[in-house]
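# Structural features, examined
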Amino acid sequence: MEYFLTEQQKTIKSLARRIAEEKILPVRAELDEREEFPWDIIKDLADSDLFRIFVPEEYEGLGGGCLDLYLVIEEISRVCAGVAISYAASALGSSALLEFGDEEQKQKYLPDIASGKKLAAFALTEPTAGSDVRAIRTTAEKVSGGYVLNGTKQFITNGGEAEIYTVIALTDKERGARGASAFLVEKDTPGFSFGKKEKKMGLRTSSTRELIFRNCLVPEENMIGREGMGFIMTMKVLDRSRPGIGAQAVGLAQGALEAAIEYARQRVQFGQPIISLPVVQNMLADMAIQVEAARALTYAVARTIDSGAERFTEESAMAKVFASDMAMKVTTEAVQIFGGAGYMRDYPVEKMMRDAKVTQIYEGTNQILRSVVASELRKGKARQG
Ligand SMILES: Cc1cc2nc3c(=O)[nH]c(=O)nc-3n(C[C@H](O)[C@H](O)[C@H](O)COP(=O)(O)OP(=O)(O)OC[C@H]3O[C@@H](n4cnc5c(N)ncnc54)[C@H](O)[C@@H]3O)c2cc1C
C-alpha cells in the first residue's frame, strides 16, 4: 500500500528498520530469555538520533510528528516489541512536559531526552488504580518550596532505568477530576526508590517496575502545568500515545506475518511446501489484510493528530483497539502456521504472541477503550468520514 510518506519519513523508517535488523535481531531471543534491559540497543538508537524525533528542534530534537514517531515504534516492534516499548515509553514520559511544561523545564530536561542520554517514564498506575485512574492514592502535599510525595506506582515501564519520571499524584483528594497534578521526579531524588521488578509474559527485555515515594520532596518548579491539571493532562497524553501502541501492534504482526510466510515456503508436508495448501494461503491472506487495515487506520489517526486536530480521543482509541486485537489474532495464526515448531522458543513467533497480548491491556484496556468509543456513539457523535 502506498502511504505517501515524506522523504524524511521514508528515511526515518528505513533507518529504524536497519537498526532493528542489524542490532536487535541478533540478540532479541537472548534479551527476552535473560529479561535484560537493552542498554546497548538504546545507545544505538540514541547514536542514530532516533530519540530526537519526538522532541522539538529548539530543545535539540528533530521536531517530528506522531507519524514519524509511530514509524520508528512500528519498525522496532517488527523485530522486538520489548525494545520498542522501552523506546516508546521515553516519548510517553516526555509527553506531558512537551505539551504542558514551561520553558525552564523544557530547557532543563528535553536535550538529554533527545540525545538518549536519559530515558523518561510515565507513572500513573497504582495497585488500587488501573482502569479506574481516579482511584490513585499517591499524594503530593504542598510544603514550603515544593511538594512531598507519598505512595506507590505499579507496572511502570522503564522503571529503575529512566532518569526522569512524570508522576501523577493527588494534590487535593476532595477535588475529583481536578484533584491530581503532574510532577517531574528525578531518579536520585531522596525518598524515591524502586520496588518489585515484574517478571512478565512478554516484552521481557523491557523493565516494568514499582516506584516508591516516601516523604519525597519535589521542588515546586517541577510541577508540570498547574495544580489540578494532572488527570486532564493524562488523558491528553494517552490520546497521543495510544496510536503508538497501535503502531507497536502493527509492527509485531508484520514481523509475525513475514516469519509465517517464510516458514510456510520452506516447510514441506505431504510432498509440498505448506504454502501451496489453500487453507494456509487463506490464513496468510487474512493476516495480511488485517495488518494492512490496522496500519492504514493507525497512520490515518497519526495524520489527524499531526494536522493539529483538537480532539481525537475516539480515533486514538479505535486505532489502539483495532491494531492490538489484530496483533493478537495474527500472531496466534502465525504460531498455528508454524505448527509444533511455533510453540518452541527456537522460533520467534511464540515471543511475538506473548508480546502481542499486552497491547490489548496497557494504556487503557480494550474494554475501557471500547466504552470510550461507545460513549461518543451514545451521544450521537458517529463520524461520517
Ligand atoms: C507491561 C506493562 C507495562 C505498563 N506500563 C505502564 C506505565 O509505563 N505507566 C503506567 O502508568 N501504567 C503502566 N501499565 C499499567 C496499565 O496501563 C494497566 O495495567 C491497565 O491500564 C489496566 O489496569 P489494571 O491492570 O489495573 O487492570 P484492571 O483495571 O484491574 O482491569 C481488570 C479487568 O477488568 C476490566 N475492567 C475494569 N474496569 C472496567 C470497566 N469500567 N468496564 C469494562 N471493563 C473493565 C479490564 O478491562 C480488565 O479486563 C503497564 C502495564 C503492563 C502490563
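Numbering of residues begins from 1 in every chain and follows the order in which that chain's sequence is written. In view of the model being predicted, local features appear only for residues whose pLDDT reaches at least 70, and side-chain atom pairs are presented and counted only at 80 or more, with totals across whole chains, interfaces and linings using the full set of residues. For the side-chain quantities, the full set of heavy atoms in the structure was used; hydrogens and water were omitted.

Here the focus is the pattern of salt bridges. Salt bridge, as used here: a side-chain nitrogen of Lys or Arg that lies within 4 Å of a carboxyl oxygen of Asp or Glu. Counted according to the given criterion, the structure contains 29 salt bridges. One salt bridge connects Lys10 with Glu7, and the closest N-O pair in it is separated by 3.6 Å. Of this pair, Lys10 and Glu7 both sit in helix H1 (residues 7-24), three residues apart, roughly one helical turn. With relative accessibility at 40%, the residue Lys10 sits in the partly exposed group. The partner of Glu126 in a salt bridge is Lys153, and the shortest N-O contact between them spans 2.7 Å. Numbered from the N terminus, helices here are DSSP runs of H or I no shorter than four residues, and strands are runs of E no shorter than two. Partly exposed describes any residue whose relative accessible area lies between the buried limit of under 20% and the exposed limit of over 50%, with all areas from a 1.4 Å probe on protein chains only and scaled to the type maximum.

The next point concerns the packing of helix H4 (residues 66-79) against helix H5 (residues 81-100). Simply put, an axis is a line fit to the C-alpha atoms, just over the touching stretch for a helix, and the angle between two N-to-C directions goes from 0 to 180 degrees. Interaxial distance between H4 and H5 falls to 7 Å at its minimum, and their mutual angle equals 155°. Classified by the interaxial angle, the pair formed by H4 and H5 is roughly antiparallel. Of the residues in H5, those touching H4 at Leu69, Val72, Ile73, Ile76, Ser77 and Val79 are Ala81, Val83, Ala84, Tyr87, Ala88 and Ala91. Of the residues that constitute the contact of H4 with H5, the class distribution is 11 nonpolar, one polar and no charged. Throughout this description, any angle smaller than 35 degrees is read as roughly parallel, any larger than 145 degrees as roughly antiparallel, any in the 65 to 115 degree range as roughly perpendicular, and the remainder as oblique. The contact definition used throughout considers only heavy atoms, calling two residues in contact when any of these lie within 4.5 Å. All amino acids are sorted into three groups, where Ala, Val, Leu, Ile, Met, Phe, Trp, Tyr, Cys and Pro are nonpolar, Asp, Glu, Lys and Arg are charged, and the leftover types, Gly among them, are polar.

One non-glycine residue with positive phi stands out, namely Asn215, at about 50°. Here Asn215 shows up in strand S7 (residues 208-219). For Asn215, a relative accessible area of 57% translates into the label exposed. One non-glycine residue with positive phi stands out, namely Phe270, at about 50°.

This part takes up the site of the ligand. Only heavy atoms are used to decide nearness, and a residue is near a molecule or strand if one of them lies within 4 Å of it. Close to the ligand lie 18 residues, the nearest being Thr125, Ser131, Phe155, Thr157 and Thr365. In the analysis that follows, any N or O atom pair within 3.5 Å is treated as a polar contact, provided that within protein one partner can donate a hydrogen and the other can accept it, and provided that, for residues neighboring in sequence, both atoms belong to side chains. In this structure, a nitrogen atom belonging to the ligand sits 2.8 Å away from a main-chain N or O atom of Phe122. Within the complex, 62% of the 970 Å² of free accessible area of the ligand lies under protein. Broken down by secondary-structure element, the contributors of at least two residues to the shell around the ligand are strand S1 (120-123), strand S3 (146-157) and helix H11 (366-378). When residues in the shell around the ligand are grouped by element, the largest group, three residues, is from S3. Across the shell around the ligand, the residue classes tally to nine nonpolar, seven polar and two charged. Surface accessibility follows the Shrake-Rupley procedure with a 1.4 Å probe radius. Residue values consider only the protein chains on display as shielding.

Just distances and angles here, no functional claims.
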